[in-house]
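# Topology and contacts: notes
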Amino acid sequence: MKLLIGLLIIFFVYSCNKDENEILDKNLFAILGQSNAMGVGEFSKSVKYNSICFQYLSSRNALLELEDPVGEEHLGFEPAKTGSFIPSLAYNYAILNNKSIVVVQCAKGGSSLNKKAEEDNLGNWSIDGKLLKNSFIKIDAATVKSKTKLSAIIWSQGEADGAAIGRGRLLKNEYKQSLRNLILNYRERYGETLPFIIITTGRHTSCKVCDQGNAIVRDAQKEVAMEDEYTFIGYDETQYFIERNWMKDVVHYNQTGLNDIGEKLAHFITQNNIIK
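As the structure is a computational prediction, the values presented were derived from the model and not from experiment.

Next up on the list: the pattern of salt bridges. Summed over all chains, the structure comprises 17 salt bridges. With its nearest N and O atoms 2.8 Å apart, the salt bridge here joins E223 to K176. Note that E223 is positioned in helix α7 (residues 208–227) and K176 in helix α6 (residues 172–190), a separation of 47 residues in sequence. On the accessibility criterion, E223 (26% relative accessible area) is partly exposed. Residue classification places K176 among the buried residues on the basis of a relative accessible area of 8%. Linking K264 and D260 is a salt bridge whose minimum nitrogen-to-oxygen distance equals 3.3 Å. Of this pair, K264 and D260 are both found in helix α8 (residues 255–271), 4 residues apart, which corresponds to roughly one turn of the helix. Given the relative accessible area of 33%, K264 is considered partly exposed. For D260, a relative accessible area of 13% corresponds to the buried category. Via salt bridges that share partners, K172, K176, R180, E223 and E227 belong to a single interconnected network.

The N-to-C vectors of α6 and α7 enclose an angle of 45 degrees; their axes lie 9 Å apart at closest approach. In terms of orientation, α6 lies oblique with respect to α7. At the point where α6 passes α7, the crossing takes the right-handed sense. Packed against α6, whose contacting residues are K172, Y175, K176, L179, R180 and I183, the element α7 presents I216, V217, D219, A220, Q221, E223, V224 and E227 at the interface. The residue makeup of the contact of α6 with α7, split by class, is 7 nonpolar, 1 polar and 6 charged.

Now for the state of the cysteines. Per the counting criterion, the structure on display carries 1 disulfide. A sulfur-sulfur separation of 2.3 Å characterises the disulfide bridge that pairs C207 with C210. Between C207 and C210, the S-S dihedral sits near 65 degrees, and the bridge is therefore right-handed. Judged by its relative accessible area of 14%, C207 is buried. Of all cysteine sulfurs, the one in C106 lies closest to C53, which takes part in no disulfide; the gap is 18 Å. Look at C53 and you get buried, because its relative accessible area is 0%.

Looking at the largest pocket, its volume works out to about 420 Å³. Lining the largest pocket are 23 residues, with K149, S151, P195, I275 and K276 sitting closest to its centre. Here the lining of the largest pocket is composed, by residue class, of 9 nonpolar, 8 polar and 6 charged. Here the second largest pocket is characterised by a volume of approximately 300 Å³. Along its surface, the second largest pocket is lined by 16 residues, and Q34, G110, E159, A160 and A163 are the ones closest to its centre. Sort the elements by how many residues they give to the lining of the second largest pocket and helix α5 (residues 159–166) lands first, with 3 residues.

To continue, consider the confidence of the model for the protein. Taken as a whole, the protein shows an average pLDDT of 92; of its residues, 91% reach a score of 70 or greater. Below a pLDDT of 50 lies the segment residues 1–23, which in the model reaches 10 contacts outside its immediate sequence neighbourhood of four places, other chains included.

Among the structural elements, S58 can be located in the loop between β2 (53–57) and β3 (62–65). Residue class for S58 comes out buried when judged on its relative accessible area of 14%. For the pair formed by S58 and L75, sequence separation is 17 residues and the distance between their alpha carbons is 8.2 Å. If near-sequence neighbours (up to four positions away) are discounted, S58 is found in contact with E72, H74, L75 and K138.

Time to look at the sheet that holds strand β4 (residues 100–107). Ordered by their spatial adjacency, 7 strands build an open sheet running β3-β2-β4-β1-β5-β6-β7, and the pairing between neighbours is mixed. The open sheet has two free edges, formed respectively by β3 and β7 (231–235), since each of these has just one partner strand. Averaged over all adjacent pairs, the angle separating strand axes in this sheet is 30 degrees, with direction ignored. Note: strand β5 (residues 150–156) against strand β6 (residues 196–199), 3 bridges, orientation parallel. Across the sheet, I153 pairs through a bridge with F196, a residue of β6. Running over the sheet, α7 touches β6 and β7 and is turned about 130 degrees from β7.

Rules used throughout
- Position numbers for residues count from 1 along each chain, tracking the sequence in the order it is written.
- Note on the predicted model: pLDDT of at least 70 is required for a residue's local features to be given, and 80 or more for side-chain atom pairs to be given and counted; whole-chain, interface and lining totals, by contrast, use all residues.
- As a convention, hydrogens and water are excluded, and side-chain values are obtained from all of the structure's heavy atoms.
- A pair is scored as a salt bridge if a Lys or Arg side-chain nitrogen falls within 4 Å of a carboxyl oxygen belonging to Asp or Glu.
- Secondary structure elements are taken from DSSP: a helix is a run of H or I of four residues or more, a strand is a run of E of two residues or more, and numbering for both begins at the N terminus.
- Relative accessibility decides the category of a residue: with a 1.4 Å probe and only protein chains considered, values under 20% of the type maximum give buried, values over 50% give exposed, and everything between is partly exposed.
- Structural elements are reduced to axes, namely lines fitted to C-alpha atoms, with helices fitted over the stretch in contact, and the angle between N-to-C directions of any two is expressed from 0 to 180 degrees.
- For classification purposes, angles smaller than 35 degrees are called roughly parallel, those larger than 145 roughly antiparallel, those between 65 and 115 roughly perpendicular, and all remaining angles oblique.
- Put simply, a crossing is left-handed when the front helix is turned counterclockwise from the back one by less than a right angle, and right-handed when it is turned clockwise.
- Between two residues, a contact is recorded if the distance between any of their heavy atoms is within 4.5 Å.
- Each residue gets one label: Ala, Val, Leu, Ile, Met, Phe, Trp, Tyr, Cys and Pro are nonpolar, Asp, Glu, Lys and Arg are charged, and the others, such as Gly, are polar.
- We call a pair of cysteine sulfur atoms a disulfide whenever their separation is within 2.5 Å.
- In this analysis a 1.4 Å probe is tested at points of a 1 Å grid over the protein atoms alone, and where it fits but cannot get out there is a cavity; an open set with protein on both sides within 12 Å along at least five of seven lines is a pocket; lining residues have an atom within 4 Å of a point.
- Grid points are joined across faces, edges and corners, and a volume is the space filled by probe spheres set on the points.
- The quantity known as pLDDT measures the predictor's confidence residue by residue, on a range of 0 to 100.
- Strands qualify as paired when DSSP identifies two bridges or more between them.

Below you can see the structure in the form of structure tokens.
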């Protein structure tokens, strides 16, 4: 009897000392791209739910409860200004799957995919650019800290390249090949079946040629997803945000749109069994 009581006490003490993020099975999402990945919504209207959702901060090598503004000024990346789709994604996915969610945000406003589209030294995601290399650093550290492998990449980018295409500085096939290369770079590091989930690029409300370029980017994104078994269009409604009054300005989504993106992404990933 004394032995049984002693074992129960040890079990109780061990359970109480377990870090919260070790209790549930975890998924780790990397959020990559430019300003709509970063988020320029409204903190006050962002989803508030933190108990099993965390973000990794590389500047502190820490996991903190997830809330907007998600992200940080570190390694060339930026925080939300001030709301993003990320809490909505994490909250809804956690509820649907009974998972603890860890997010590592690697987003930079104005960044391009192809270096031909880069303006004002805002950074690009090519093999020669700092953003790709720094995202490896941050994601690697997040996997160590969270003790879990990378589950999926969420990609929201294309406005910079759309403007470059519309202005004749970049071709559709160049953007498409850059996207293929980006996916390959992440899969070479994190696994050949790593899910790469795209939020299609939205509209431009004041520049006609930029808007035409964004439409070409959307076509390229869909073609890459059709041609690759583990690349997906997770959300394809941003092109309708003007009619829904979900635009904050000429290219950025407001918090209503961002919350919709997060919720529907969570359902898409779950319903299609994207993460094995």
